[in-house]
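As a plain string of letters, each chain reads:
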Amino acid sequence: MGTQENEQTGVTGRRMLLGAAVLGAGGAVLGLSGTARAAETRHGGGGGGVKSLPKPTIIGHRGASGYRPEHTLGSYQLALDMGADIVEAGDLVPTKDGHLVCRHEPEIGGTTDVAAHPEFADRRKTKLLDGVSATGWFTEDFTLAELKTLRATERIPANRPHNTLYDGRWEIPTFEEVLRWQDEQTRRRGKQVWIYPELKHPTYFRKQGLALEERVAKVLRKYGRDRRNSPVILQSFEPTSIQRLNKLVDNPLVVLLSGATSRPWDFVETGDPRTVADLIKPAGLREIASYAQGIGPTLDLVIPKDAGGNLTTPTTLVSDAHKVGLILHPYTMRNENPFLPANFRKGTDADAYGDVFGAYRTYFATGIDGVFTDNPDTGLLAREDFVNS
């Protein structure tokens, strides 16, 4: 999720794990009340589609990336063990030989040990990625076999130094490996596991002859996961990519929305002058509802911040989206101070945990249907507090 996110870093500080103890294979967080346990039982199955999921839905952002290097099977596994309702298993990017792999960005210098591989030194390049110059190593310049020689590393070690303990432990997973993992975990847990992959930079890759939508659809069909009630939600920041997917698969589809003044890159390429601010007007939401089931707005579109970074008054986005039948899964909640609204930070340590429960409570009160979080255990406890308050 989220090329368009503002990723902040800060000085290292004391880490603490919020939340209850975790059961590994069972995937349940200890300490849930009877009300919440009943809700889990009532809504836990995947047969009813997206609307069968608990609300607010807790979505493990790139797994449990607050505790493990993102987009690894280790991160995905921990998100399930913590009890996440859905795992964002896959920001999907292609390899040179056309396979789909899970990385936050096609540039992998910041999330793998590729720089330590002298055999790939000559692959380092500078490219224009959606209008922004990026220097590093790109998945589309590697075969799958070559990428499998690399190992994942923590993307923001300044904020999450403890995650570097796991650097080098996991390889880059493919989308097919994720779907097989989903099957295995569903069997093991006796409960349908949901995933929420994102198609990254579809216009950029289509121009390189590596179209994502057709590849994703082909893999989903192969695994029988291209249907209306399939436990796979697909998302993209490019509305035309979602429109294309709508013609290829029957999966639930979500349009991601960045800052209000930004323009989706496919709009830039095609000359569409509209911004995200236009898309979140009633007319724009009605159009999205004609081909998608939901939106994934940045949290700032739900509750804007003032110049000091404090939350202000909620917008009408939640009610406007609900009026046209769209669900809202905004992004991204994180426990560390730098990622929280200023009025929910604690102390002066830029890497300490703030009043994240207060922030969750404020966002949940707007009526959002769920939220992406790097810390699924915290999100589940926050939901428990909210639904039983």
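Now for a look at the structure at hand. What you see is a predicted model; the values in this text were computed from it and never measured.

Section: the overall build of the chain
Here comes step 1: In terms of helices and strands, the chain carries 14 helices and 13 strands.
Here comes step 2: Here the chain holds 389 residues, and the buried ones make up 58% of them.
Here comes step 3: Summarising the internal contacts of the chain: among those between residues at least 6 apart in sequence, 69% fall at separations of at least 24.
Here comes step 4: Summed over its atoms, the accessible surface of the chain is roughly 15,100 Å², and 52% of this surface lies on carbon and sulfur atoms.

A word on unusual backbone geometry
Backbone phi values are negative for most residues with the exception of glycine, while trans is the configuration of most peptide bonds.
Here comes step 1: Between Lys55 and Pro56 the backbone carries a cis peptide bond, its omega angle lying at -10°.
Here comes step 2: Position of Pro56 relative to the elements: it lies in the loop between α1 (34-43) and β1 (57-60).
Here comes step 3: A cis geometry characterises the amide bond from Tyr331 onward to Thr332, with omega recorded as -15°.
Here comes step 4: Looking at the secondary structure, you find Thr332 in the loop between β12 (327-328) and α13 (356-364).
Here comes step 5: One non-glycine residue, His201, adopts positive backbone phi at about 50°.
Here comes step 6: Along the chain, His201 turns up in the loop between β8 (198-199) and α5 (202-206).

Regarding the packing of helix α6 (residues 212-222) against helix α7 (residues 239-248)
Here comes step 1: Where α6 meets α7, the closest approach of the two axes is 10 Å, and the angle between their N-to-C directions is 35°. In this structure, the crossing between α6 and α7 has a hand that is right-handed. Of the residues in α7, those touching α6 at Glu213, Glu214, Ala217 and Arg221 are Ser241, Arg244, Leu245 and Leu248.
Here comes step 2: Along the lines of polarity and charge, the residues of the contact of α6 with α7 split into 3 nonpolar, 1 polar and 4 charged.

Side note on the environment of Pro202
Here comes step 1: Its location among the elements puts Pro202 in helix α5.
Here comes step 2: Accessibility expressed as a relative area gives 2% for Pro202, which makes it buried.
Here comes step 3: Here the alpha-carbon distance between Pro202 and Glu238, two residues 36 residues apart in the chain, equals 7.4 Å.
Here comes step 4: Those residues within four positions of Pro202 in sequence are excluded, and the remaining contacts are Leu212, Glu213, Ser236, Glu238 and Ser241.

Thoughts on the pattern of salt bridges
Here comes step 1: The full count for this structure, using the stated rule, is 31 salt bridges.
Here comes step 2: Ionic pairing is found between Arg62 and Asp91, a salt bridge with its closest N-O pair at 3.9 Å. Residue Arg62 is located in the loop between β1 and α2 (73-82), and its partner Asp91 is located in strand β3 (residues 91-94); the two are separated by 29 residues in the primary sequence. When sorted by exposure, Arg62 lands in the same class as Asp91, which is buried.

With respect to the nonpolar core
Here comes step 1: With 84 residues, the main nonpolar core has Phe175, Ile295 and Met333 as its most contacted residues.
Here comes step 2: When sequence neighbours within four positions are dropped, the list of residues in contact with Met333 reads Leu299, Leu340, Val356, Ala359, Tyr360, Tyr363, Val371, Phe372, Thr373, Asp374 and Asn375.
Here comes step 3: Counting 13 residues, the second largest nonpolar core, distinct from the first, contains Ile233, Phe237, Leu256 and Ile327.

Quick look at the sheet that holds strand β2 (residues 86-87)
Here comes step 1: The 4 strands lie next to each other as β7-β2-β1-β13, forming an open sheet whose pairing is parallel. Edge positions in the sheet fall to β7 (194-195) and β13 (370-373), since each has one partner strand and no second.
Here comes step 2: Relative to β13, β1 runs parallel, the two sharing 4 bridges. By the bridge assignment for β13, Thr57 is matched with Gly370.

Some thoughts on the packing of aromatic side chains
Here comes step 1: Per the stated rule, a full pass over the model turns up 8 aromatic pairs.
Here comes step 2: Taken together, a centroid distance of 5.9 Å and an interplanar angle of 50° make the contact between Tyr76 and Trp181 tilted. Here Trp181 lies in helix α4 (residues 175-189) and Tyr76 lies in helix α2, a separation of 105 residues in the sequence. There is no split in this pair, since Tyr76 and Trp181 are both buried.

Describing α4
Here comes step 1: In this model, α4 (15 residues) spans 21 Å end to end at C-alpha, consistent with the 21 Å of a helix rising 1.5 Å per residue.
Here comes step 2: Looking at the buried residues of α4, the elements they touch are α2, β2, β3, β4 (100-102), β7 and α6.
Here comes step 3: Just past α4, the residue Gly190 takes up positive phi, approximately 65°.

Details of the environment of Gly48
Here comes step 1: Checked against the element boundaries, Gly48 lands in the loop between α1 and β1.
Here comes step 2: In this structure, the C-alpha to C-alpha distance between Gly48 and Asn229, residues 181 residues apart in sequence, is 6.4 Å.

Considering the pairing of β1
Here comes step 1: Neither face of β1 is open: one carries Thr57 and Ile59, the other Ile58 and Gly60, and all of them are buried.
Here comes step 2: Pairing geometry for β1 and β2, over 2 bridges, is parallel. Bridging from a neighbouring strand, Gly60 pairs with Val87 of β2.
Here comes step 3: Once you follow β1 into α2 and on to β2, the crossover reads as right-handed.

Some details on helix α14 (residues 376-387)
Here comes step 1: Between its terminal C-alpha atoms α14 stretches 16 Å, which fits the 16 Å expected from 12 residues at 1.5 Å a residue.
Here comes step 2: Taken as a whole, α14 has its buried residues at Pro376, Asp377, Thr378, Gly379, Leu380, Ala382, Arg383 and Glu384.

Details of the packing of α4 against α6
Here comes step 1: As a packed pair, α4 and α6 sit with axes 11 Å apart at the nearest point and diverge in direction by 30°. By the angle class used here, α4 and α6 are roughly parallel. The handedness of the crossing between α4 and α6 is right-handed. Contacts from Phe175, Glu176 and Leu179 in α4 reach Val216, Val219, Leu220 and Lys222 in α6.
Here comes step 2: The residue makeup of the contact of α4 with α6, split by class, is 5 nonpolar, no polar and 2 charged.

Cut-offs applied
Residues numbered from 1 in each chain as written. Predicted model: local features only at pLDDT ≥ 70, side-chain atom pairs only at ≥ 80, totals over all residues. Heavy atoms only, no water. Helix = DSSP H or I, 4+ residues; strand = E, 2+ residues; numbered from the N terminus. Buried < 20%, exposed > 50% of the residue type's maximum accessible area, 1.4 Å probe, protein only. Contact = heavy atoms within 4.5 Å. Areas by Shrake-Rupley, 256 points an atom, 1.4 Å probe, with all protein chains shown as cover. Axes fitted to C-alpha atoms, helices over the stretch in contact; angles between N-to-C directions. Left-handed = near helix turned anticlockwise from the far one by under 90°. Nonpolar A, V, L, I, M, F, W, Y, C, P; charged D, E, K, R; others polar. Salt bridge = Lys/Arg side-chain N within 4 Å of Asp/Glu carboxyl O. Core = buried A, V, L, I, M, F, W, Y, C linked by side-chain atoms within 4.5 Å. Pairing = 2+ DSSP bridges. Phe/Tyr/Trp six-rings, centres within 6.5 Å; stacked < 30°, edge-to-face > 60°. Expected span 1.5 Å × (residues − 1). Right-handed = clockwise from strand over helix to strand, strands pointing away. Parallel < 35°, antiparallel > 145°, perpendicular 65-115°, else oblique.

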